[in-house]
Amino acid sequence: MSAARPHIALRAGASGPALPHRAAAEIPVIAHRGASEDVPEHTLAAYEAALLQGADGVECDVRLTADMQLVCVHDRRVNRTSDGSGVVSTLELAQLRQLDFGSWKQPASDEEFAEYPDLRREGAHRVLTLERLLELVTGHPNRVEMAIETKHPTRYAGLVEEHLVALLDRFGLAHPRLGERSPVRVMSFSAMSVRRIRRLAPSLDTVLLLDRVPLRLRDGSLPRGVRIAGPGIHILRIHPEYVERVHSMGNRVHVWTVDQPSDIDLCVELGVDAIISNRPKAVLARLGRDGTAPPATARHGVIELNPDSP
Ligand code: G3P
Ligand code: CA
């Protein structure tokens, strides 16, 4: 780890007390698109692998199909990650189900994927619906966090958030009661999308993703009602002080996409509140966890909030 950086004095935040620095073993590790370095991204097998590796949570991108089904696909088109072509929002779920989302990332040998769920079994490499992912996550014996990213722009605009909140509601995850926290949070680069989620599900955590930090947010503040900043690791490499600024405002920091050892060390040094990585197993190992021990705060289902917890 590099030499300690000069610390900015913590001050009480605009929206509450400043947050303390988080210890390495307490930083939740979130599998980005599943264990996507090892297994094709956004497949059921990628998420099963992430949970087997001991990830504390999973990240996924969601898009609406032409028949209004939420599916986990990153790109606007299916060309990169399937054997088909076309724009997700113009295809129906039945059409997407014909495609193979696994074969673009073939293992060099049968042994390479040996420790992971069998990609060739029925359904494991087909398009993943958010509903199926929610079933996987809510059926897991541990509490699994979910960071769901709405992708914009899209022709369906606000329908994405409406369908998302309705689906989360079916799973009892959209409206945690006062003093409880849903394992789900919704993230977006679109401030408009985050606002829509806050209107539809005011008690759900939201994350504003940041490719760059706009001038008005450089003091660590966030738009009204948003309590988590989601900077890319490239921002923290250049502006490590941003984490302390966000904390000083009583807000949290979830960082993407943290795969390199030096970046993991930087996140530990800065005391971020979640690490989002394509390599959850490697991150857990670097944090000194063996992949089986969840952080002290992790429990199943909706958790009751300690009044002192952030
Ligand atoms: O977790 C946030 C991160 O996923 C944002 O970037 O392009 O990978 O969706 P992207
Ligand atoms: Ca994403």
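Caption draft 1: Fine view of the overall build of the chain. Secondary structure assignment for the chain yields nine helices and eleven strands. Relative to its full complement of 310 residues, the chain shows a buried share of 45%.

Caption draft 2: Expanded view of the site of ligand 1. For ligand 1, the full set of nearby residues is His32, Glu59, Asp61, His74, Glu149, Leu209, Gly230, Trp256, Thr257 and Ile276. Across the shell around ligand 1, the residue classes tally to three nonpolar, four polar and three charged.

Caption draft 3: Region of interest: the pairing of strand S9 (residues 252-255). Residue alternation in S9 divides its side chains into two sets, Arg252 and His254 and Val253 and Val255, and both sets are buried. Bridge count for S9 against strand S10 (residues 274-277) is two bridges, and the pairing is parallel. Pairing of Val255 across the sheet is with Ile275, part of S10. Taken together, S9, helix H8 (residues 261-270) and S10 constitute a β-α-β crossover, and its handedness is right-handed.

Caption draft 4: Examining the nonpolar core more closely. If you look at the biggest cluster of nonpolar residues, it comprises 80 residues, and the most contacted ones within it are Val58, Val255 and Ile275. With seven residues, the top contributor of residues to this core is helix H1 (residues 44-53). Apart from residues no more than four positions distant in its own chain, Ile275 is found in contact with Ile27, Val29, Ile30, Val255, Val258, Ile264, Cys267 and Val283.

Caption draft 5: Examining H8 more closely. Within H8 the residues assigned to the buried category are Asp263, Ile264, Leu266, Cys267 and Val268. Packed against the buried residues of H8 are helix H6 (233-238), S9, S10 and helix H9 (280-286). Looking one or two places after H8, you find Gly271, whose phi comes out positive at around 70°.

Caption draft 6: Spatial organisation of the confidence of the model for the chain. Averaged over all residues, the pLDDT of the chain equals 89, while 85% of them reach at least 70. Considering only residues more than four positions removed or in separate chains, one finds that residues 1-14, a stretch of pLDDT under 50, has 19 contacts. When the criterion is pLDDT under 50, residues 296-300 qualifies, and its contacts beyond four places in sequence or with other chains add up to eight contacts.

Caption draft 7: Representation of the packing of helix H4 (residues 159-170) against helix H5 (residues 191-200) within the structure. Relative orientation of the contacting elements H4 and H5 amounts to 40°, with a least axis distance of 10 Å. As the angle between them shows, H4 and H5 are arranged oblique. As H4 runs across H5, the sense of the crossing is right-handed. Facing Glu161, Glu162 and Val165 of H4, the residues of H5 in contact are Ser193, Arg196, Ile197 and Leu200.

Caption draft 8: Spatial organisation of unusual backbone geometry. A cis geometry characterises the amide bond from His152 onward to Pro153, with omega recorded as 0°. Of note, Pro153 is situated in the loop between strand S4 (145-150) and H4. Within the chain, Arg33 stands out as a residue other than glycine whose phi angle is a positive 60°. For Arg33, the position within the fold is in the loop between strand S1 (29-32) and H1. Exposure remark for Arg33: the 26 C-beta atoms within 10 Å place this residue in the buried category. Here Met68, not a glycine, exhibits a phi torsion of approximately 65°, which is positive. Its location among the elements puts Met68 in the loop between strand S2 (57-64) and strand S3 (70-71).

Caption draft 9: How the structure looks around H1. Of all ten residues making up H1, eight are buried, and the element is well covered by its neighbours. Along H1, the positions that sit buried rather than exposed are Leu44, Ala45, Ala46, Tyr47, Ala49, Ala50, Leu51 and Gln53. The elements touched by buried residues of H1 are S1, S2, helix H3 (130-138) and H9. Within two residues after H1, Gly54 carries a phi angle of roughly 95°, on the positive side.

Analysis parameters
- Residues numbered from 1 in each chain as written.
- Chains lettered and ligands numbered in written order.
- Predicted model: local features only at pLDDT ≥ 70, side-chain atom pairs only at ≥ 80, totals over all residues.
- Helix = DSSP H or I, 4+ residues; strand = E, 2+ residues; numbered from the N terminus.
- Buried ≥ 20, exposed ≤ 12 C-beta atoms within 10 Å, placed from the backbone.
- Near = placed C-beta within 6 Å.
- Nonpolar A, V, L, I, M, F, W, Y, C, P; charged D, E, K, R; others polar.
- Pairing = 2+ DSSP bridges.
- Right-handed = clockwise from strand over helix to strand, strands pointing away.
- Core = buried A, V, L, I, M, F, W, Y, C linked by C-beta atoms within 7 Å.
- Contact = placed C-beta atoms within 7 Å.
- pLDDT = per-residue confidence, 0-100.
- Axes fitted to C-alpha atoms, helices over the stretch in contact; angles between N-to-C directions.
- Parallel < 35°, antiparallel > 145°, perpendicular 65-115°, else oblique.
- Left-handed = near helix turned anticlockwise from the far one by under 90°.

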